[in-house]
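Structure at a glance
The residues making up each chain are set out below.
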Amino acid sequence: MSNLSPPDRELIESIKRKIEEESGLANKETWTQRDFEFLTFYIKDHTGVNLSLSTVKRIWRNSFHRLPHSTTLNALSQSAYALDWVSLKKQVLEKNATTYPKSPQKPKWILYVFVPLLIILLFVGSLYIVDLFIVHSSVSGAEQIEFSSKLTNSGNIPNTVIFNYNIESLQADSFFIQQSWDQSRKVGITKADNQRSDIYYLPGYFKAKLIADTSIVKEIPVHVISKEWFVAVRQPFSHIHRISPAYWQNKHYLGVTEIDLIESGITLKEKFQMSFYNVRDFGTDGDNFMYKTRVKMDSLKTVSCPTMSLLLKGEKEIFWLMIGHKGCESELGLIISEQYWDGKKNDLSAFGTNMYNWQDLTIQVASKNLTITLNGEAIFETSYHSPLGSLKETSYFFEGIGSIDAVALTNQAGQVEFSDDFE
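From a predicted model like this one, the values you see are computed outputs, not experimental measurements.

1. Quick word on the packing of helix 1 (residues 6–23) against helix 4 (residues 70–81)
Taken N-terminus to C-terminus, the directions of helix 1 and helix 4 make an angle of 50°; their axes are 8 Å apart at the nearest point. As judged from the angle between their axes, helix 1 and helix 4 are oblique. Like other packed secondary-structure pairs, helix 1 and helix 4 cross with a definite hand, here left-handed. Of helix 4, the residues touching helix 1 (which contributes I12, S14, I15, K18 and I19) are L73, L76, S77, S79, A80 and Y81. Residue classes in the contact of helix 1 with helix 4 are distributed as 7 nonpolar, 3 polar and 1 charged.

2. Details of helix 3 (residues 53–60)
Of the residues making up helix 3, those classed as buried are T55, V56, K57, I59 and W60. The inward-facing, buried residues of helix 3 abut helix 1, helix 2 (33–47) and helix 4. Downstream of helix 3 by a residue or two, N62 has a phi angle that is positive, lying close to 55°.

3. Quick look at the sheet that holds strand 7 (residues 215–224)
What holds strands together in a sheet is hydrogen bonding between their backbones, with the strands either parallel or antiparallel. Spatially, the 4 strands line up as an open sheet ordered 4-3-6-7, and their pairing is antiparallel. The open sheet has two free edges, formed respectively by strand 4 (186–189) and strand 7, since each of these has just one partner strand. Taking the axes of each pair of neighbouring strands and ignoring which way they run, one obtains an average angle of 20° across the sheet. Here strand 6 (residues 204–212) runs beside strand 7; their pairing, made up of 9 bridges, is antiparallel. Each bridged residue has a counterpart across the sheet, and for Y205 the counterpart in strand 7 is H223.

4. Topic: the packing of aromatic side chains
The final tally for this structure, using the stated rule, is 17 aromatic pairs. Measuring from centroid to centroid gives 5.4 Å for F319 and Y384, while their planes differ by 75°, and the two rings are edge-to-face. Of the two residues, F319 sits in strand 13 (residues 318–325) while Y384 sits in the loop between strand 19 (377–383) and strand 20 (391–398), which places them 65 residues apart along the sequence. F319 gets classed as buried once you look at its relative accessible area, which sits at 1%. Taken together, W229, F282, Y396, F418 and F422 form an aromatic cluster joined through their ring pairs. One residue, R9, lies across the ring of F64, its end atom 4.4 Å from the ring centre. The positively charged end of K296 is found above the aromatic ring belonging to W358, 5.6 Å away from the centroid.

What counts, and where the lines are drawn
- Residues numbered from 1 in each chain as written.
- Predicted model: local features only at pLDDT ≥ 70, side-chain atom pairs only at ≥ 80, totals over all residues.
- Heavy atoms only, no water.
- Axes fitted to C-alpha atoms, helices over the stretch in contact; angles between N-to-C directions.
- Helix = DSSP H or I, 4+ residues; strand = E, 2+ residues; numbered from the N terminus.
- Parallel < 35°, antiparallel > 145°, perpendicular 65-115°, else oblique.
- Left-handed = near helix turned anticlockwise from the far one by under 90°.
- Contact = heavy atoms within 4.5 Å.
- Nonpolar A, V, L, I, M, F, W, Y, C, P; charged D, E, K, R; others polar.
- Buried < 20%, exposed > 50% of the residue type's maximum accessible area, 1.4 Å probe, protein only.
- Pairing = 2+ DSSP bridges.
- Phe/Tyr/Trp six-rings, centres within 6.5 Å; stacked < 30°, edge-to-face > 60°.
- Lys NZ or Arg CZ within 6 Å of the ring centre and 35° of its normal.

Honestly, that's just the spatial picture; any functional story needs more than this.
In structure tokens, the structure reads:
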């Protein structure tokens, strides 16, 4: 560590104010333990760096007299201004410390939904909502760039994707390809090269980004398909344990037992998330379909509020809905295309149920009018404006041990596009 100069202190305070503003965490004098915990999640989500809770508290309480470690400075700087500490400090010095660089402006409404939304999505695996924060900035020469991809192992996981690009016309100091929403999966590229490969360890429908400096200049879809269901467990969230089909293929439902998890290297006494991915071209219009499924969860002492999240992802938008154990409705959330409902600000009590029993869930959409039915009772209805596009992914995320008993997808004409009863 080096000495903390007044300009360094001033820059750190600017970074902190920016993070507070962007995260929606105001009036830090009244912050609770949960607010500081959320701040660590926020920084991890934006940078991939997991700062300790004690470090975050020390920074925000000004309990430091020397310059923090470079890893901490870079994480804070990236969270606030999408620049590393040295680059940010250089910009400030070049401007005689009179103004601070402006990060891309985000729609103001995001501040009202981001805090509860990140808490809901943080342990869900894909963090798809991060794409809402993207602002495409104009960059000189962007209209002439080439950016495409091809997969080397179609239908299988892991899968290497070859990105082809030509950025000769772009004017910028640095260039990157970001694999998806996850900023930690960002790699540097140069004008001297035209290809870069990356490995996808999970199936999904992703948007890869070509970045010049801090501006996203082009996005392309990367559809990593799995020929069969893909089952995985995150423990911790940064580590993916793929569950071998040998543990779930011969059951009359899609799921695993406690013994299966232990043999797969999962510690039941620690929190984990179980995921089931079904990623393919379903050939179904996302604004006109019916999706039926049965799910349940097993009781675990480490899970106080068992919840299940279902993702239906189209080319353009997503449906994200959660059901949870009775009494846990405050932790639930709902995304229908451009709309969002937070269980802390909306009555989602109809989405509370006994998660230890089989739950019959139906999502029906007709001309952008959506109805959610739970155990034969319609619990939610709404309409939306932004089209989903063709369905590309259906995935389940359980906070604990979850199982799926049946899945059926039918199109507008009532024809079955996909079904699985796991018999």
